[in-house]
Amino acid sequence: MKFPQFSMLPFLMVVVMLSLSGTTLSHPHWDFLHCLSLRLANYSTISKVIYVQNNPSYSSVLNASIHNTRFSTPATPKPFAIITPLKTSHVRSTLYCSKKHGFQLRIRSGGHDVEGLSFVSEVPFVILDLLNFRAIKVDTKNEVAWVQSGATLGELYYAIAAKTNTLAFPAGMCHTVGAGGHFSGGGYGTLFRKYGLAADNIIDARMIDVNGRILDRKSMGEDVFWAIRGGGGNTFGIVLAWKIKLVPVPAVVTVFTVNKNLEQNATKIFHRWQYIAHKLPDDLFMNVWITKVNSSQVGMKTVQATFRGMLLGGVDELITLIQDKFPELGLAEENCNEMSWIESVLYFGGLPLQSVDILLDKNALPTLSLKAKSDYVKEPIPESGIEGLMSMFLEEEADNAVAMIPAFGGKMDDIPENELPYPHRAGNLFEATYIVQWTKEENAESGKYISWSRRLYSYMTPYVSKSPREAYVNYRDLDIGINNINDYTSYEQASIWGFKYFKNNFKRLVQVKTKVDPMNFFRNEQSIPPLLSP
Ligand code: FDA
C-alpha cells in the first residue's frame, strides 16, 4: 500500500497539542502519532480524529461507548489513543500506522462486547472507534439497505421505519448495540424464527483487509464473505458497511407478556414450554426471562418467569394459537397489545412506548457492570433441574441477574450448520444467556457476582449441549478459553473455545484467517488464530 507524503506541519501541531495537554510519550507513541498526523494532513482533521490520553475529550470519547462498567475502572487498561475516523482514508491510515509501529488495534462499533474486547487490551493498543461511520441508506423499492458499522440497531430500525411500516430487519433487541460487532457474531432478535439471524440476511459488505485494500463481496471472495458473517469481530478485517436484505412484516403485530412466579406454577409452565415453543409457527417469537422479584408476601422474594413474545399477526390469531397449543400459559387479551413492528422494538428494548425518537438516544438506558455466559439446550430440562435453576435466582448475588431464554426452531431449523460460521441451528430447543449485573459502585465486589455466574453455569452442565458445550460468540465469555495475549496460539489451544462457538466451522474459519491475515494483526483474546502464525 502506498501513502502520499505530507508536510511536517500537522505533526508539529499535534506536538503542540500534546505538550499543552501535558501528555508524556515514549518513542512508539510519537512514531505512531507522527505517522498518523502526516497522513491526516491538517490540524482541523487531527483535532477531530485523534484523542490521546490527557486530551480533554479523551475520557468522554472512551466512555461514550462503554456498555459494561466492569471495564470502566481506573485499573482498566486504557488505549494510548482513540481514533475516530471521518472517512475511509482515515481508517486505512490508522491501520497502516498501528501495523507499522506495533500497536494492537481494537475496532469498536457499538461497544457492547460483554468482555470489553473492543476497548480493552493488555498490550499497548489504540481504539479505532467507528462512531462517525453511522450512515444508513434504505432502499424500499429493492428491499435492501446499506448500514455503516458504527450505526446502532436503534438507528437502523428507525431509518427503516421512517420509510415504511411493512419492512424490517431481523437483528437484536437492544437498541444501542452496534451493527459492526453484532453482525460479525450472528445477531438474533424477535424475527429470527421467521427470517434467521442478522448475518443470514447480509448480502454484501465493504471491508478493509490487513493490507489496506478496500474489498466488497466479489473482491473478498465467498470464503471471506462467509467468515465475516458470524466468525467474530476484530479477526478478518475492518468491516466498514454491510448491505442487508430487508424482510416483510405486517403493518400490525401483536406483543404479549405473561408473568408467572414460583407460587403461580412458573416451574411447571416453563417445563411444559420447552416441549412446545420450538414447534410453534415461525411467525411467533417467544422468550422466557427468569429473574428474582418481590413476592406478594411482604419482605419476601420469589422467582418469576416472564413469557414475552410477538406474533406477526393480530391478537385474535395469537390467542387462538396459544390457547390451542399452550393453554397452560393462560394468555388473555389483557396480556396482549397490537402495534407496529417499530413500536415492538421499543417494547422488547425496555423503552417507553412513546416516541420512536428514543431509538436514536444511546443513553436512554442505564449502563451497569455485567458478566454473561451462554448455553444451548437440546433436551427438555426435567422439572427438578428447573427447580434448582430457580432456586439459584433466590441467592443474594442474583438481585440483578437474568436468564434470557428464546425458543429456537422455525427458520433456524432450516439453515444448515455450515451455511455461516454460527452453527447452532436445528436440534436446539432454546438458547440460554445468563447475565449477572451489578452497579459500577459495586465493582470492588465483582468477584462474588462473577463466581455466582460460574456456579450457575456449572449447575447447568447436565442439562445443556455437550461435546462441545456450545456457546454464542456474541455473548463472549473468556472463561471458556483464551488465546495467548502476546504469543502464538496453536490451533489446538484455540479449539477449546473455538469449537464451542463455531463447532466444525472453526476449521474453515482458521483456514480463512490463515489466508487473509497470516501474521495475525487483527487479534484479541478470542479471535481466530491463523495456522503457523509467528
Ligand atoms: P463492539 O463494538 O464492542 O464490538 C464487538 C466485537 O466486534 C469486538 O471484538 C470488536 O472489536 C468487533 N468489531 C466491532 N466493529 C467491528 C467492525 N466494524 N469490523 C470488525 N470487527 C468489529 N446479541 C444478540 O444477538 N441479540 C440481542 O438482542 C442482544 N442484546 C444485547 C444487549 C446488551 C445490553 C448487550 C451488552 C449485548 C447484547 N447482545 C445481543 C450481544 C451483542 O450482539 C454483541 O455484544 C455484539 O458483538 C455487540 O456489537 P457492538 O458493535 O455493539 O460491540
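Look up a bit, the structure's there.
The following paragraphs examine the structure supplied in this document. Here, residues in each chain are numbered from 1, in the same order as that chain's written sequence. Selection of residues for local features in this predicted model requires a pLDDT of at least 70, selection of side-chain atom pairs for listing and counting requires 80 or more, and totals for whole chains, interfaces and linings are taken over all residues. The basis for every side-chain value is the complete set of heavy atoms in the structure, and neither hydrogens nor water enter the calculation.

When at least one non-hydrogen atom of a residue lies within 4 Å of a molecule or strand, that residue is treated as near it. The environment of the ligand is made up of 30 residues, and the closest members are Ile107, Ser109, Ser118, His182 and Tyr472. Counting of polar contacts relies on pairs of N or O atoms within 3.5 Å, with two restrictions inside protein: one atom must be capable of donating a hydrogen and the other of accepting it, and residues adjacent in sequence are counted only when both atoms are side-chain atoms. Here Asn234 contributes a backbone N or O atom positioned 2.9 Å from a nitrogen atom of the ligand. For the ligand, an oxygen atom lies 3.2 Å from a polar atom in the side chain of Asn474. Surface exposure here means Shrake-Rupley accessible area, sampled with a 1.4 Å probe, where a residue is shielded only by the protein chains that are shown. Protein contacts shield 93% of the accessible area of the ligand, which totals 970 Å² for the unbound molecule. Note on conventions: DSSP H or I runs of at least 4 residues are helices, E runs of at least 2 residues are strands, and numbering of each starts at the N terminus. Secondary-structure elements contributing two or more residues to the shell around the ligand are β3 (104-108), α7 (179-185) and β10 (238-245).

Before going further, it helps to spend a moment on the state of the cysteines. When two cysteine sulfur atoms are found within 2.5 Å, that pair is recorded as a disulfide. Within this structure, the stated rule accounts for one disulfide. Here Cys35 engages in a disulfide with Cys97; their sulfurs sit 2.0 Å apart. Linking Cys35 and Cys97, the disulfide has an S-S dihedral of approximately -80 degrees and is accordingly described as left-handed. One end of the pair, Cys35, is in helix α2 (residues 27-40); the other, Cys97, is in helix α5 (residues 88-101), and 62 residues separate them in sequence. Cys35 gets classed as buried once you look at its relative accessible area, which sits at 5%. For the exposure calls, accessible area comes from a 1.4 Å probe over protein chains only, and a residue counts as buried if that area is under 20% of its type's maximum, exposed if over 50%, partly exposed in between.

Looking now at the sheet that holds strand β9 (residues 214-215). In space, the five strands of this open sheet follow the order β5-β6-β10-β8-β9, with antiparallel pairing throughout. Each end of this open sheet is capped by a strand with a single partner; those strands are β5 (136-139) and β9. When strand β6 (residues 144-148) meets β10, the two strands line up antiparallel, connected through five bridges. Within β10, the position partnered with Trp146 by the bridge is Lys243. The strands that helix α9 (residues 217-228) touches are β8 (202-208), β9 and β10; relative to β8, the one it contacts most, it runs at about 105 degrees. Only strands joined by at least two bridges in the DSSP assignment are considered to pair. Any two residues whose heavy atoms approach within 4.5 Å at even a single point are treated as in contact. Orientation is described by lines fitted to C-alpha atoms, with helices fitted over the stretch in contact, and by angles between N-to-C directions that extend from 0 to 180 degrees.

Inspection of the secondary structure assignment puts Lys279 in the loop between α10 (266-276) and β13 (284-294). According to the relative accessible area criterion, Lys279 is exposed, its value standing at 63%. Along the primary structure Lys279 and Gly410 are separated by 131 residues, whereas in three dimensions their C-alpha atoms are 7.3 Å apart. Here Tyr275 takes part through its backbone oxygen, which lies 3.4 Å from a polar atom of the side chain of Lys279.

A cluster of acidic residues, Asp316, Glu317, Glu333, Glu334 and Glu338, forms a negative patch at the surface. With respect to the helices and strands, Glu333 occurs in the loop between α11 (315-325) and β15 (336-339). For patch building, the residue pool is restricted to those with more than 30% relative accessible area and no salt bridge; the joining distance is 9 Å between like charges and 5 Å between nonpolar side chains (Val, Leu, Ile, Met, Phe, Trp, Tyr). Criterion for a salt bridge: a side-chain nitrogen of Lys or Arg within 4 Å of a carboxyl oxygen of Asp or Glu. In this tally, Asp and Glu contribute negative charge and Lys and Arg positive charge; neither His nor the terminal groups of the chain are included. Charge positions are represented by NZ for Lys, CZ for Arg, CG for Asp and CD for Glu.

In this fold, Lys513 is placed in helix α17 (residues 505-516). Lys513 gets classed as buried once you look at its relative accessible area, which sits at 0%. With residues up to four places along the chain from it excluded, the contact list for Lys513 reads Thr235, Phe236, Pro518, Asn520, Phe522, Ile528, Pro529 and Pro530.

Turning our attention to empty space enclosed by the protein. A probe as big as a water molecule, rolled over the atoms, marks out the empty space that is left. Definitions used throughout: a 1 Å grid over protein atoms alone; a cavity as a set of points that fits a 1.4 Å probe which cannot get out; a pocket as an open set with protein on both sides within 12 Å along at least five of seven lines; a lining residue as one with an atom within 4 Å of a point. Grid points are joined across faces, edges and corners, and a volume is the space filled by probe spheres set on the points. Summed over all chains, the structure comprises four cavities of 30 Å³ or more. Taken as a whole, the largest cavity encloses approximately 90 Å³ of empty space. Along the walls of the largest cavity sit 13 residues, with Tyr157, Gly172, Thr190, Trp341 and Val345 positioned nearest its centre. With four residues, the single largest contributor to the lining of the largest cavity is helix α12 (residues 341-348). Classification convention: Asp, Glu, Lys, Arg as charged; Ala, Val, Leu, Ile, Met, Phe, Trp, Tyr, Cys, Pro as nonpolar; all other residues, Gly among them, as polar. Its residues assigned to classes, the lining of the largest cavity comprises nine nonpolar, four polar and no charged. In this structure, the second largest cavity occupies an estimated 60 Å³ of space. Forming the boundary of the second largest cavity are Gln104, Arg106, Ser121, Val123, Asn483, Asn484, Ile485, Arg523, Asn524 and Glu525. Counted by class, the lining of the second largest cavity contains two nonpolar, five polar and three charged residues.

Our focus in this paragraph is the packing of aromatic side chains. Centres within 6.5 Å are what make two rings of Phe, Tyr or Trp a pair, Trp counting through its six-membered ring; a difference in plane orientation under 30 degrees is then read as stacked, over 60 as edge-to-face, and the rest as tilted. Throughout the structure, instances matching the rule amount to 30 aromatic pairs. An angle of 70 degrees between the planes, with centres 6.5 Å apart, marks the rings of Phe71 and Phe119 as edge-to-face. Pair noted here: Phe71 is in the loop between α4 (58-64) and β2 (81-83) and Phe119 is in the loop between β3 and β4 (125-129), with a separation of 48 residues, a long-range link. What makes Phe119 buried here is its relative accessible area of 1%. Each ring, one from Phe521 and one from Phe522, has its centre 5.2 Å from the other, and the planes form 75 degrees; the classification is edge-to-face. Residue classification places Phe522 among the buried positions, given a relative accessible area of 0%. Three or more aromatic residues joined by ring pairs form one cluster here, namely Tyr188, Phe192, Phe285, Tyr347, Phe348, Tyr376, Phe408, Tyr422, Tyr472 and Tyr475. A cation sits over an aromatic face here: Arg469 above Tyr457, 3.5 Å from the ring centre. Look at NZ for Lys and CZ for Arg. If either is within 6 Å of the ring centre and within 35 degrees of the ring normal, a charge sits over the ring.

What follows deals with the packing of helix α16 (residues 491-502) against α17. It is the contact of α16 with α17, at a shortest axis distance of 8 Å, that shows an interaxial angle of 125 degrees. Put simply, α16 runs oblique to α17. For the pair α16 and α17, the sense of crossing is right-handed. Note on element contacts: α17 touches α16 through Asn505, Phe506, Lys507, Leu509 and Val510, opposite Tyr491, Ala494, Ser495, Trp497, Gly498, Phe499 and Phe502. Residues of the contact of α16 with α17, tallied by class, amount to eight nonpolar, three polar and one charged. Each angle receives one of four descriptions, namely roughly parallel if under 35 degrees, roughly antiparallel if over 145, roughly perpendicular if within 65 to 115, and oblique otherwise. The crossing is said to be left-handed when, going from far helix to near helix, the turn is anticlockwise and less than a right angle, and right-handed when the turn is clockwise.

What follows covers the environment of Leu156. The residue Leu156 is located in helix α6 (residues 153-161) in this model. Relative accessible area serves as the criterion here: at 1%, Leu156 is assigned to the buried category. Taking the C-alpha atoms as reference points, Leu156 and His175, separated by 19 residues in sequence, lie 9.0 Å from one another. Residues in contact with Leu156, not counting those within four places in the same chain, are Ile136, Val147, Phe169, Phe183 and Ile244.

So, on to unusual backbone geometry. Here Ser467 and Pro468 are connected by a cis peptide whose omega angle stands at 0 degrees. Along the polypeptide, Pro468 turns up in the loop between α15 (446-460) and α16. Its identity as a non-glycine residue notwithstanding, Asn234 has a phi of 55 degrees, on the positive side. On the secondary structure map, Asn234 appears in the loop between α9 and β10. Overall, Asn234 belongs to the buried group, its relative accessible area being 8%. One non-glycine residue, Asn265, lies in the positive phi region at around 70 degrees. Along the chain, the position of Asn265 falls in the loop between β12 (253-261) and α10.

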